[in-house]
Amino acid sequence: VMYSVETLKIPIFKFISELHMNTQYIQENLAQALKVKSVPDLDWGLAGRLIEKEKISLVRSYTKWTAFYVGVRSDSRDIEVTADTALEAVFLCFIEKKLKTV
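Residues numbered from 1 in each chain as written. Predicted model: local features only at pLDDT ≥ 70, side-chain atom pairs only at ≥ 80, totals over all residues. Heavy atoms only, no water.

Engineer: Describe the overall build of the chain, naming the residues involved and giving the relevant values.
Structural biologist: For the chain, the helix and strand inventory stands at four helices and five strands. Helices (α) and strands (β) of the chain occur, in sequence order from the N terminus, as β-α-α-β-α-β-β-β-α. Residues counted as buried form 37% of the 102 residues belonging to the chain. Sequence-distant contacts, at least 24 apart, represent 42% of the contacts inside the chain between residues at least 6 apart. Put simply, the chain shows about 6,600 Å² of open surface, and 55% of that area lies on carbon and sulfur atoms. (Helix = DSSP H or I, 4+ residues; strand = E, 2+ residues; numbered from the N terminus. Buried < 20%, exposed > 50% of the residue type's maximum accessible area, 1.4 Å probe, protein only. Contact = heavy atoms within 4.5 Å. Areas by Shrake-Rupley, 256 points an atom, 1.4 Å probe, with all protein chains shown as cover.)

Engineer: Talk me through the nonpolar core; I want residue IDs and the actual numbers.
Structural biologist: Leu30, Leu50, Ile56, Phe91, Leu92, Cys93 and Phe94 are the most contacted members of the largest nonpolar core, which has 22 residues in total. Among the elements of the structure, helix 2 (23–34), helix 3 (44–54), strand 4 (65–70), strand 5 (77–83) and helix 4 (86–99) are those that each provide at least two residues to this core. No other element matches the nine residues that helix 4 contributes to this core. With residues near it in sequence (within four places) discarded, Phe91 still touches Ile26, Leu30, Leu42, Asp43, Leu46, Ala47 and Leu50. (Core = buried A, V, L, I, M, F, W, Y, C linked by side-chain atoms within 4.5 Å.)

Engineer: Tell me about the environment of Leu58, and name the residues and values.
Structural biologist: Its location among the elements puts Leu58 in strand 3 (residues 57–60). Leaving out residues up to four positions away in the same chain, Leu58 has contacts with Trp44, Trp65, Thr66, Ala67, Ala86, Ala89 and Val90.

Engineer: Residues and numbers for helix 4, please.
Structural biologist: The end-to-end C-alpha distance of helix 4, which contains 14 residues, comes to 20 Å, matching closely the 20 Å that a straight helix rising 1.5 Å per residue would cover. Burial within helix 4 is extensive, with eleven of its 14 residues counted as buried. Listed as buried for helix 4 are Ala86, Leu87, Ala89, Val90, Phe91, Leu92, Cys93, Phe94, Ile95, Glu96 and Leu99. (Expected span 1.5 Å × (residues − 1).)

Interpretation in functional terms is not warranted from these geometric data alone.
Structure representation (structure tokens):
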């Protein structure tokens, strides 16, 4: 299901550190990060392309998934996001990198 960002009338960027992300939040911010008008489906086709293109690493802990970009030094992680599912972790990591305002 695709949604138009303009019809949602919800602020696009929110802080990534919010505890409970929902699908609509991820779709809206992902559309902004990808610079597209249609909200993308959250599937492994898109996640796989982001992992490969953006060089995102993905690891599983006991109950959560963590996605991260490795920094310049081998022991640093520029951006690291933990989520309940692997898909959420990948998408949120990409969103944080592209929309980070620091």
